[in-house]
Amino acid sequence: MHASSFTPARYSRHRELHRSDRIGWLRASVLGANDGLISTASLVVGVAAAGAAPQSIIVSAVAGLLAGAMSMAAGEYVSVSSQSDTERADLERERGELATDEHGERAELAGIYVARGLDSELAARVAEQLMAHDALGAHARDELGIHDLTAARPLQAALASAASFAVGAALPVLTVALVPRAQLVPVMVGTTLVLLAGLGALAARVGGASVLVGSGRVTFWGAVAMAVTAAAGMLFGAAG
Ligand SMILES: [Zn+2]
């Protein structure tokens, strides 16, 4: 019926949504960089603590960067495409229901507004007017909770995840390449913690949260990760 006008742009017009979309993008990049930094630095600390030679350490660091970036890309691709498939299927089913049972769909929508606190007369009027304006859009938002279909670009999301992970992992790889073996572990731990504190502060600032808390949290977990891999490295290094 008049159900075909659900377009992504319409739902990203909302100002707050726009703002949080941008934040979401930046947040995802910072989180990806955190991941790359923590996992690659921890890998290096573990391998170095086991007493590995410089050559093996740099191979581990580069392999860690590539493996992590590919894994992020694969995970993001699968996650974004399956969400997008689900949303599309939901919308398709909704479009069919609207075409075959408009009356029932109007009652369904009115029921949702009653559950949210409108009286039944007002709910029926709201449902009727919203559906006259954009039936599929009203059901997408209020029944399915789909606000923005454009967010689903799997390949773009996969590349962005891989790239941000690789940027974060680049620091440990460079550190391994440039710092002498004897000073590697303390320099790696120090630079990683400083950079994590900076990234945590940036993420918190962008998201409007407390900079101190945001930066403390990520630094703490980075320290835990490196301590765990260092302990494992020493254990296996001693055993070998
Ligand atoms: Zn519906």
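In this text the structure is predicted, and so the values were computed from the model without any measurement.

### A word on the overall build of the chain
Looking only at helices and strands, the chain features eight helices and zero strands. Along the chain, helices (α) and strands (β) appear in the sequence α-α-α-α-α-α-α-α when read from the amino end. Looking at the chain as a whole, 32% of its 240 residues qualify as buried. Residue pairs in contact within the chain that sit at least 24 positions apart in sequence constitute 76% of those at least 6 positions apart.

### Thoughts on helix α7 (residues 184-207)
The end-to-end C-alpha distance of α7, which contains 24 residues, comes to 34 Å, matching closely the 34 Å that a straight helix rising 1.5 Å per residue would cover. Along α7, the positions that sit buried rather than exposed are M188, T192, L195, L196, L199, G200, A203 and A204. Note on α7: the residue one or two positions beyond its end, G208, has a positive phi of about 75 degrees.

### Looking at the packing of α7 against helix α8 (residues 211-239)
Across the interface, α7 lies against α8 with an axial gap of 7 Å and an inter-helix angle of 145 degrees. In terms of crossing hand, the pair formed by α7 and α8 is right-handed. Counting all contacts with α7, which are made through V189, T192, L193, L196, A197, L199, G200, A201, A203, A204 and R205, the residues of α8 involved are V211, V213, G214, S215, R217, V218, T219, G222, A223 and M226.

### Some words on the confidence of the model for the chain
Put simply, the chain has an average pLDDT of 88, and 88% of its residues get 70 or more. When mean pLDDT is compared element by element in the chain, helix α4 (residues 102-115) scores highest at 95, while helix α1 (residues 8-12) scores lowest at 41. For residues 1-19, every residue scores under 50 in pLDDT, and the model assigns this stretch 32 contacts once sequence neighbours within four places are set aside.

### Looking at the environment of H147
Secondary-structure assignment places H147 in the loop between α5 (120-144) and α6 (154-178). Under the C-beta neighbour-count criterion, H147 is labelled partly exposed, with 15 such atoms within 10 Å. Spatially, the C-alpha atoms of H147 and G137 are 8.6 Å apart, while their sequence positions differ by 10 residues.

### As for the environment of P186
Examined against the element boundaries, P186 turns out to sit in helix α7. The class for P186 is exposed, based on 11 C-beta atoms found within 10 Å. Sequence separation of P186 and V45 is 141 residues, and the distance between their C-alpha atoms is 9.0 Å.

### Some remarks on α5
For α5, spanning 25 residues, the distance from its first C-alpha to its last is only 21 Å, which falls clearly below the expected 36 Å at 1.5 Å a residue. Turning to α5, its buried residues are A123, A127, M131, A135, L136, G137, A138, H139 and A140. Two residues or fewer past α5, G145 is found with a positive phi of approximately 75 degrees.

### So, the packing of α4 against α5
Interhelical geometry of α4 versus α5 gives an angle of 110 degrees and a closest axis separation of 8 Å. When the interaxial angle is binned, α4 and α5 end up roughly perpendicular. Between α4 and α5, the contacting residues are E105, R106, E108, L109, A110, I112, Y113 and V114 on the first element and S120, A123, A124, V126, A127, E128, M131, A138, H139, D142 and E143 on the second. Class assignment of the residues belonging to the contact of α4 with α5 gives a composition of 11 nonpolar, two polar and six charged.

What counts, and at which threshold
- Residues numbered from 1 in each chain as written.
- Predicted model: local features only at pLDDT ≥ 70, side-chain atom pairs only at ≥ 80, totals over all residues.
- Helix = DSSP H or I, 4+ residues; strand = E, 2+ residues; numbered from the N terminus.
- Buried ≥ 20, exposed ≤ 12 C-beta atoms within 10 Å, placed from the backbone.
- Contact = placed C-beta atoms within 7 Å.
- Expected span 1.5 Å × (residues − 1).
- Axes fitted to C-alpha atoms, helices over the stretch in contact; angles between N-to-C directions.
- Left-handed = near helix turned anticlockwise from the far one by under 90°.
- pLDDT = per-residue confidence, 0-100.
- Parallel < 35°, antiparallel > 145°, perpendicular 65-115°, else oblique.
- Nonpolar A, V, L, I, M, F, W, Y, C, P; charged D, E, K, R; others polar.

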